[in-house]
Amino acid sequence: MTMQQTSYLVDTPEQYSVTEVTEVFPATEIDDRYPQYQALSGVRKWIRYAWYPMIDLISVMGTIAAIASFERQGISWIDLGILLFMFNFVGLAGEAGMHRLFAHKSYKVIKPLRILLAVAGSMTGESPILEYVAYHRRHHIYADQQGDPHTPYYIDAEQPLSRIRNIWHSFFGWKYNSKTSQMAAPEKYAKDLLAEPAMVIINNSFYGIVLASFVLPALLGLVLTGTVAGAWTAFLWGGCFRFLVMTLMGDLIIRAGCHLFGTRPFIDQANSHSGNIWFLAIPSLGLAWHNNHHAFPGSALLNIDWWQIDPSGSFISLLEKLGWATNVKRPTPEQVKAKRLN
Ligand SMILES: [Zn+2]
Ligand SMILES: [Zn+2]
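Predicted model only: the values in this text are computed from it and were never measured.

Conventions we followed
- Residues numbered from 1 in each chain as written.
- Chains lettered and ligands numbered in written order.
- Predicted model: local features only at pLDDT ≥ 70, side-chain atom pairs only at ≥ 80, totals over all residues.
- Heavy atoms only, no water.
- Helix = DSSP H or I, 4+ residues; strand = E, 2+ residues; numbered from the N terminus.
- Expected span 1.5 Å × (residues − 1).
- Buried < 20%, exposed > 50% of the residue type's maximum accessible area, 1.4 Å probe, protein only.
- Donors = N, O, S within 2.8 Å, 3.2 Å for Na, K, Ca; no water.
- Tetrahedral: all angles 85-135°; square planar, octahedral: opposite > 155°, others 65-115°.
- Axes fitted to C-alpha atoms, helices over the stretch in contact; angles between N-to-C directions.
- Parallel < 35°, antiparallel > 145°, perpendicular 65-115°, else oblique.
- Left-handed = near helix turned anticlockwise from the far one by under 90°.
- Contact = heavy atoms within 4.5 Å.
- Nonpolar A, V, L, I, M, F, W, Y, C, P; charged D, E, K, R; others polar.
- Phe/Tyr/Trp six-rings, centres within 6.5 Å; stacked < 30°, edge-to-face > 60°.

Draft legend 1. Examining helix H5 (residues 129-141) more closely. The end-to-end C-alpha distance of H5 is 18 Å, a good match for the 18 Å that 13 residues give at a rise of 1.5 Å each. Of all 13 residues making up H5, 12 are buried, and the element is well covered by its neighbours.

Draft legend 2. The coordination of the zinc ion (ligand 1), seen in detail. Within the first shell, the zinc ion (ligand 1) binds the protein through His139 (NE2), His259 (NE2), His290 (NE2) and His294 (NE2), at distances of 2.1 to 2.2 Å. Because the angles between the 4 donor atoms bound to the zinc ion (ligand 1) fall within 92 to 158 degrees, the donor set is best described as irregular. Sequence spacing of the donor residues for the zinc ion (ligand 1), all on one chain, is H-x119-H-x30-H-x3-H. Of the two residues, His290 and His294 are both situated in helix H12 (residues 290-295); the distance of 4 residues between them amounts to about one turn of the helix.

Draft legend 3. How the structure looks around the packing of helix H3 (residues 77-103) against helix H11 (residues 228-260). The N-to-C vectors of H3 and H11 enclose an angle of 40 degrees; their axes lie 9 Å apart at closest approach. If you check the angle between H3 and H11, you find them oblique. For the pair H3 and H11, the sense of crossing is right-handed. On the side of H3, the interface is formed by Asp79, Ile82, Leu83, Met86, Phe87, Val90 and Gly91, while H11 contributes Gly230, Thr233, Ala234, Trp237, Gly238, Phe241, Arg242, Val245 and Met246. Classifying every residue of the contact of H3 with H11 by side-chain character gives 10 nonpolar, 4 polar and 2 charged.

Draft legend 4. A look at the packing of aromatic side chains. Under the defined criterion, the tally for this structure stands at 19 aromatic pairs. Seen in terms of ring centroids, Phe70 and Trp237 are 6.3 Å apart; in terms of plane orientation they differ by 75 degrees. Their pairing is edge-to-face. Here Trp237 lies in helix H11 and Phe70 lies in helix H2 (residues 42-73), a separation of 167 residues in the sequence. Ring centres of Phe214 and Phe235 lie 6.3 Å apart, and the angle between their planes is 50 degrees; this geometry places the pair in the tilted category. With a gap of 21 residues between them, Phe214 in helix H10 (residues 206-225) and Phe235 in helix H11 connect regions that are remote in the sequence.

Next up, the structure:
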């Protein structure tokens, strides 16, 4: 194999049109009867405003306690196992599920798995699923232009400290900005999921699901060690530390970093600044192939060259082999070649 060949597809029976692999999601699903903006109001707004600082503070405090316990006694194999399980369970559901399945519809899965991916993916704590999908679709449509809710180019470069303020906006600030925090109405951008009662229930259970992602490792620790101390350290590592690492990876390193840095081998229709950062491929579970993704948002697999590793894409391919996933979209070598910049 040469560097120019793609890593998959050679024997793939299904072929998808260039529209299918390059569209953010089927355009017919934008509901033009609704406005772009959706305002949260009343109690819902204040709960939302208080939620993110609260859950982030819990994860930071827990991480400090985890590091303190590490200095005293290291980390047990059980806690390490729970941490790795939680990171992969929630991370794959977030990237393969919330992102590629729900936001981009890049493949299909059997119903029970769809529910599991939506619940476990919500444990990333990013946003309730309907909002996440609406915001993410909008991010692609307006990528790094005016209208992208969390672009790290939001503040004019001429303004003082614009680089730092833009990174903060992309990471956290956009959720509290009166404009960008209400930019994407699910009625307009996610009507497919709004029509699915299970998704509405999962969306409305967001806070409870995120809290459950802290309780689950504690329960695993309790069962596996039979001690309250074992439950506590599992909570610190598999709950708090895992949550903080995932938040920093998804919200800061990828959302801001992959639009500021990285290589750009492909033409991106929306003309974004998306870049590939190879050394983040594994910890980001594949999302760091961000230029590949913005070039082919409809593709379920983000690794294009043979040497690129995409853990979430491998997970989707495994589901396909097991017969649990179908219609797995990926570009043909010709489609890849047509978009490659030299
Ligand atoms: Zn992006
Ligand atoms: Zn995307």
